[in-house]
Structures are given as C-alpha cells and as structure tokens.
Amino acid sequence: MSSVQGPHSELVGALYRDHRGWLLAWLRRNVACPQRAEDLSQDTFVRLLDRDELKEPREPRAFLVAIAKGLLFDYFRRAALEQAYLTELMLIPEGEQPSVEEQQMILEDLKAIDRLLGKLSSKARAAFLYNRLDGLSHGEIAEKLGVSVPRVRQYLAQGIRQCYIALYGEPV
C-alpha cells in the first residue's frame, strides 16, 4: 500500500482490511499463478488510492471485482501480446534474431503501445490499427467497422492524439 495519505485513504484502508482476503481468494480462482493473484490484489487497491474521487461503494465486493476484472483483462491481453511476439520471433532465422536485450526492449515498447491504444474505444483502436498496420483507406475502414468515413477520421485523430500524448505529454 502507498505510504502517501490521500483524501480517501481511510476508506481504501477499510476496504483493504475488510475485503482483501476475499478478493485474493477470488483472484486465485481466476489466475493460475498465486504471485500474480497477489499482485493483482495489490494493484486493485493502488488503483483506488490513485483515484481523485472515491465514494463508499454500496456493494464493496462487486466494486472491487469490477476493478480487478479490468486489471485481469489487461494482464491476459498483455500476456497474449507477449506470446504473439514470441511466436513471431521464433519464425525469424536464428542468426537474424535481435539480441535478448533488444527483444526485451521491443516487448516493453509493444506493451507501452498496447497501454496507449487501450485508452481508445474498441472501434477507434481497430480503425487506428487497420490504418497504420494494414494500410486500409478511410473508406475500407468505414466499411469494416460499419461507420461513416468522417467517424473513421475522428477515430484516427483519437489514435494520433494518444501517440502525441505518449511522445510529448498532454497538450496545453
């Protein structure tokens, strides 16, 4: 837990004291690795401490599970991304593979990109990836997503904005 006392640290402390054991047991049933379950449990409460606003939930366990599910989803998505990268890496001839250090840097970059795009809606993310990775035109993306071309432009602008923020920070 954070040593910084936020405006709602007492509430988070009470939730932690009263429900951490239950949440950890729930996570252990959903994650094969006990250490990962422990990490996700801690991350759930850290996420609460990082909030600007926090009201006492009517259903604390459902509230904690909702946060933990989001973290769990992120964990599985990143694990799938890492596995896809490692699978692709195996297709490269041994002499042409990047060094272990380069592989780690590439993997960290992929995770950072995933976090960045994770802030977009599913359609905005898909539009951005269709455009940047597959080279699809605005019209082709609109057809694939079932939206208008102007909407595709909005989605792409959202993706580019996320990239800008990653590189330079929030615009002022």
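Residues numbered from 1 in each chain as written. Predicted model: local features only at pLDDT ≥ 70, side-chain atom pairs only at ≥ 80, totals over all residues. Heavy atoms only, no water.

Per an unreviewed UniProt entry, the protein goes by the name RNA polymerase sigma factor and belongs to Pseudomonas nunensis. Quoted verbatim from the Sequence similarities (unreviewed entry) heading of the UniProt record, the comment on the protein is "Belongs to the sigma-70 factor family. ECF subfamily." (UniProt positions renumbered as here; feature names shortened; annotations may be inferred.)

Visitor: Would you mind going over the overall build of the protein with me for this structure?
Guide: When its secondary structure is counted, the protein shows seven helices and zero strands. Starting at the N terminus, the α and β elements of the protein follow one another as α-α-α-α-α-α-α. Here the protein has a C-alpha radius of gyration of 20 Å; the compact-globule value for 172 residues is 16 Å, and the former is much larger. Here the C-alpha coordinates of the protein stretch approximately 50 × 45 × 30 Å along the principal axes. Looking at the protein as a whole, 32% of its 172 residues are labelled buried. The contacts in the protein between residues at least 6 apart in sequence include a share of 53% that link residues at least 24 apart. As displayed, the protein has an accessible area near 11,600 Å², and 53% of this comes from carbon and sulfur atoms. The protein carries 23 positive and 24 negative side-chain charges, and their two centres are separated by 8 Å. (Helix = DSSP H or I, 4+ residues; strand = E, 2+ residues; numbered from the N terminus. Rg over C-alpha atoms; globule rule 2.2 N^0.38 Å. Buried < 20%, exposed > 50% of the residue type's maximum accessible area, 1.4 Å probe, protein only. Contact = heavy atoms within 4.5 Å. Areas by Shrake-Rupley, 256 points an atom, 1.4 Å probe, with all protein chains shown as cover. Lys, Arg positive; Asp, Glu negative; His and termini not counted. Charge placed at Lys NZ, Arg CZ, Asp CG, Glu CD.)

Visitor: Just to check I follow, could you spell out the environment of Asp18 for this structure?
Guide: With respect to the helices and strands, the residue Asp18 is situated in helix α1 (residues 9–30). Separated by 37 residues in the primary sequence, Asp18 and Lys55 place their C-alpha atoms 16 Å from one another.

Visitor: Help me understand the nonpolar core, please; the structure alone is not making it clear to me.
Guide: Generally speaking, nonpolar side chains in soluble globular proteins are found buried as a group. If you look at the biggest cluster of nonpolar residues, it comprises 21 residues, and the most contacted ones within it are Leu23, Trp26, Leu27, Phe45 and Leu48. Once residues within four sequence positions are removed from consideration, Leu48 is found in contact with His8, Val12, Leu15, Leu54, Phe63, Leu64 and Ile67. Formed by 13 residues, the second largest nonpolar core is a distinct cluster that contains Ala124, Phe128, Ile141 and Leu145. (Core = buried A, V, L, I, M, F, W, Y, C linked by side-chain atoms within 4.5 Å.)

Visitor: For this particular structure, what's the right way to read helix α5 (residues 122–132)?
Guide: Along an α-helix, residues three or four apart share an orientation, since each turn contains 3.6 residues. Of the positions making up α5, those classed as buried are Ala124, Ala127, Phe128 and Asn131. Considered in projection along α5, the buried side chains sweep an arc of 95° and stay on one side of the axis. Structurally, α5 contributes buried residues whose contacts are with α4 (100–117), α6 (138–145) and α7 (149–168). (Arc of directions from axis to C-beta.)

Visitor: Just to check I follow, could you spell out the packing of aromatic side chains for this structure?
Guide: Aromatic rings considered in pairs are described by the distance between their centres and by the relative angle of their planes. One pass over the structure, following the stated rule, counts three aromatic pairs. Aromatic side chains Tyr16 and Phe45 sit 5.0 Å apart centroid to centroid with 80° between the ring planes, which places their arrangement in the edge-to-face category. In this pair, Tyr16 sits in helix α1 while Phe45 sits in helix α2 (residues 34–49), placing the two residues 29 residues apart along the sequence. What makes Phe45 buried here is its relative accessible area of 0%. Both rings, one in Tyr75 and one in Phe76, keep their centres 5.2 Å apart while their planes meet at 55°; by these two values the pair is tilted. (Phe/Tyr/Trp six-rings, centres within 6.5 Å; stacked < 30°, edge-to-face > 60°.)

Visitor: Honestly, the UniProt feature "domain: RNA polymerase sigma-70 region" (unreviewed entry) in the protein in this entry has me stumped. Any pointers?
Guide: Mapped onto this structure's residue numbering, the UniProt feature "domain: RNA polymerase sigma-70 region" (unreviewed entry) falls at residues 15–80. This span, residues 15–80, is 80% helix and 0% strand, and a straight line between its end C-alpha atoms measures 31 Å.

Visitor: I would appreciate a short explanation of the packing of α2 against helix α3 (residues 60–90) in the present structure.
Guide: Helices that pack against each other are described as a pair by the angle of their axes relative to one another and the distance between those axes. It is at 9 Å that the axes of α2 and α3 come closest, and there the two elements cross at 120°. Between α2 and α3, the crossing angle belongs to the class labelled oblique. Handedness of the crossing formed by α2 with α3: right-handed. Here α2 contributes Arg36, Leu40, Asp43, Thr44, Phe45, Arg47 and Leu48 to the contact with α3, which in turn contributes Phe63, Leu64, Ile67, Ala68, Leu71, Leu72 and Tyr75. Of the residues in the contact of α2 with α3, the class split is 10 nonpolar, one polar and three charged. (Axes fitted to C-alpha atoms, helices over the stretch in contact; angles between N-to-C directions. Parallel < 35°, antiparallel > 145°, perpendicular 65-115°, else oblique. Left-handed = near helix turned anticlockwise from the far one by under 90°. Nonpolar A, V, L, I, M, F, W, Y, C, P; charged D, E, K, R; others polar.)

Visitor: What is the right way to read a nonpolar patch on the surface from this model?
Guide: On the surface, Tyr164, Leu167 and Tyr168 cluster together to form a nonpolar patch covering roughly 400 Å² of accessible area. Relative to the helices and strands, Tyr168 is located in helix α7. Residue Tyr168 is classed as exposed on the basis of its relative accessible area of 60%. (Patch = residues over 30% accessible without salt bridge, like charges linked within 9 Å, V, L, I, M, F, W, Y side chains within 5 Å. Salt bridge = Lys/Arg side-chain N within 4 Å of Asp/Glu carboxyl O.)

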